[in-house]
Structures are given as structure tokens and as C-alpha cells.
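Below are the chains, spelled out letter by letter.
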Amino acid sequence: MNLFGLMETSGSAMQAERVRAEVVAANMANAETTRTQSGGPYQRQHVVFAANQSTESSGFAESLAGVSGIPMGTEGLPAWGGVSPRQPVGGVHVAQVIADLGAPLKRYDPGHPDAGPDGYVAYPDINPLTEMVDLMGATRAYGLNGSAVQAEKGMIASALEIAKT
């Protein structure tokens, strides 16, 4: 992986964690939804991540081609001691958002408009504590990837200062 691909890796993780946080927020917002357009109670959603398998260029190395003081390689790209800007780019993406297939929770509430003939209402099986832990994990992962991007920006700026001298 090239130096500039690290930003793309962290960026893809930040995008995936943002989607994860949105799905958790939707789960929490629908914890008491007993009727959806499909007819039953809301079903808890899960985010599935998958690794990126790309060999695209980072694009950042090519943008440096016109900056003075940076040694150029044979293809007009910066020569970073043999590091090619066309190495595989890592990261993750949201492969899919799937519904939890668990059974809904049944609560006795005969006065509820969605109560069955037995008086029970089907509620989503959503535990607010579990959702909060998931949200904290997504928030923390997002923040850590943001810190990694900031650290990499600092390293790049330092490398450019060294190259100028």
C-alpha cells in the first residue's frame, strides 16, 4: 500500500462507520414501531462490511507531479524509493444492510390498535443498550480513522518540508 492510500483506507472506513451509525440510529428510532409498510413490526438492521479489493491509484501522488523540489520517477510521478502509486488500495465498504431474522417481542396490550385477537402486540426485538454500544463503537471507529487521516496529513507535510531542503 502506498503512503497516500492510507487516507483512502481511513476514508472508506469513515464512510462505512457513518452508515453503521445511521443504521443504529434508525434501529433506535424504530424500537417501538409495531407496523411497517410490509405489515409487521420493524426489523432490526445490521451492517455488513467487506474489504475493498481495488488496485486503483490514490490520485494524490499524481497531483504532486507538478510540485517543484519533488524527485520524479520514470512515469512523471514522484519517486518514493520504489513505492508505486498503483499498489492495491485497502479499506472497507458496506457490503449490505440485512434485517435481523429474530422473532419479534410479544407484549400483552389488548387496547393497542395493532393487537392481535389474543391481545398481544408484536414489537421489534431491539435492545437500546445494545444499540448504544454499537453506536459508541461506530463513533469511536470513525474518530480513530479521522485521527489517522490527520496524522497522515502531518507526515505528508513533514515529508514535503524535508523534500524542499
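### Points about the overall build of the protein
Helix and strand content of the protein: three helices and four strands. Going from the N terminus to the C terminus, the protein shows its helices and strands as α-β-α-β-β-β-α. Burial statistics for the protein: of 165 residues in total, 26% are counted as buried. When contacts within the protein are restricted to residue pairs at least 6 apart in sequence, those whose partners lie at least 24 apart make up 70%. For the protein, the accessible area works out to roughly 10000 Å², and carbon and sulfur atoms hold 59% of it.

### Some remarks on the packing of aromatic side chains
Under the counting rule described, the total for this entry stands at one aromatic pair. With a centroid separation of 5.3 Å and an interplanar angle of 65 degrees, the aromatic rings of Tyr108 and Tyr120 are classed as edge-to-face. With a gap of 12 residues between them, Tyr108 in strand S3 (residues 105-108) and Tyr120 in strand S4 (residues 120-123) connect regions that are remote in the sequence. In this structure Tyr108 comes out as exposed when scored by relative accessible area, which is 56%. Residue classification places Tyr120 among the partly exposed residues on the basis of a relative accessible area of 37%. Taking the ring centre of Tyr123 as reference, the NZ or CZ of Arg107 above it sits at 4.1 Å.

### Remarks on the confidence of the model for the protein
Should pLDDT be low for a region, the predicted coordinates there are not to be read in detail. Counting all residues, the mean pLDDT for the protein is 82, and 76% of those residues have values of 70 or more. Across residues 60-88, where pLDDT falls below 50, the model places 45 contacts with residues more than four positions away in sequence or in other chains.

### A short note on helix H3 (residues 128-164)
An ideal rise of 1.5 Å per residue puts 54 Å on 37 residues; H3 measures up with 54 Å between its terminal C-alpha atoms. Within the span of H3, buried status applies to Glu131, Ala138, Ala141, Asn145, Gly146, Val149, Glu152 and Ile156. Its side-chain oxygen placed 3.0 Å from the backbone nitrogen of Leu129, Asn127 serves as the N-cap of H3.

### Regarding the pattern of salt bridges
Scanning the model with the defined rule gives seven salt bridges in all. Across the pair Arg107 and Glu32 runs a salt bridge whose closest N-O atoms are separated by 3.3 Å. Placement of Arg107 in strand S3 and of Glu32 in the loop between helix H1 (5-29) and strand S1 (45-51) is noted, with a sequence separation of 75 residues between them. Under the relative-accessibility criterion, Arg107 is labelled partly exposed at 35%.

### What to know about the environment of Gly119
Here Gly119 is to be found in the loop between S3 and S4. Taking the relative accessible area as the measure of exposure, Gly119 reaches 5% and is therefore buried. In this structure, Gly119 is in contact with Arg107, Tyr108, Asp109 and Pro110, ignoring residues within four places of it in sequence.

### A short note on the side chain of Thr34
Along the polypeptide, Thr34 turns up in the loop between H1 and S1. Here the side chain of Thr34 touches Asp114 through a polar contact of 2.4 Å, side chain to side chain.

### Considerations on the environment of Tyr120
Sequence separation between Tyr120 and Tyr108 is 12 residues; the distance between their C-alpha atoms is 4.3 Å. Those residues in contact with Tyr120, other than ones at most four positions away along the chain, are Lys106, Arg107, Tyr108, Asp114 and Ala115.

Definitions and cut-offs
Residues numbered from 1 in each chain as written. Predicted model: local features only at pLDDT ≥ 70, side-chain atom pairs only at ≥ 80, totals over all residues. Heavy atoms only, no water. Helix = DSSP H or I, 4+ residues; strand = E, 2+ residues; numbered from the N terminus. Buried < 20%, exposed > 50% of the residue type's maximum accessible area, 1.4 Å probe, protein only. Contact = heavy atoms within 4.5 Å. Areas by Shrake-Rupley, 256 points an atom, 1.4 Å probe, with all protein chains shown as cover. Phe/Tyr/Trp six-rings, centres within 6.5 Å; stacked < 30°, edge-to-face > 60°. Lys NZ or Arg CZ within 6 Å of the ring centre and 35° of its normal. pLDDT = per-residue confidence, 0-100. Expected span 1.5 Å × (residues − 1). Polar contact = N/O pair within 3.5 Å; in protein donor to acceptor, adjacent residues only side chain to side chain. Salt bridge = Lys/Arg side-chain N within 4 Å of Asp/Glu carboxyl O.

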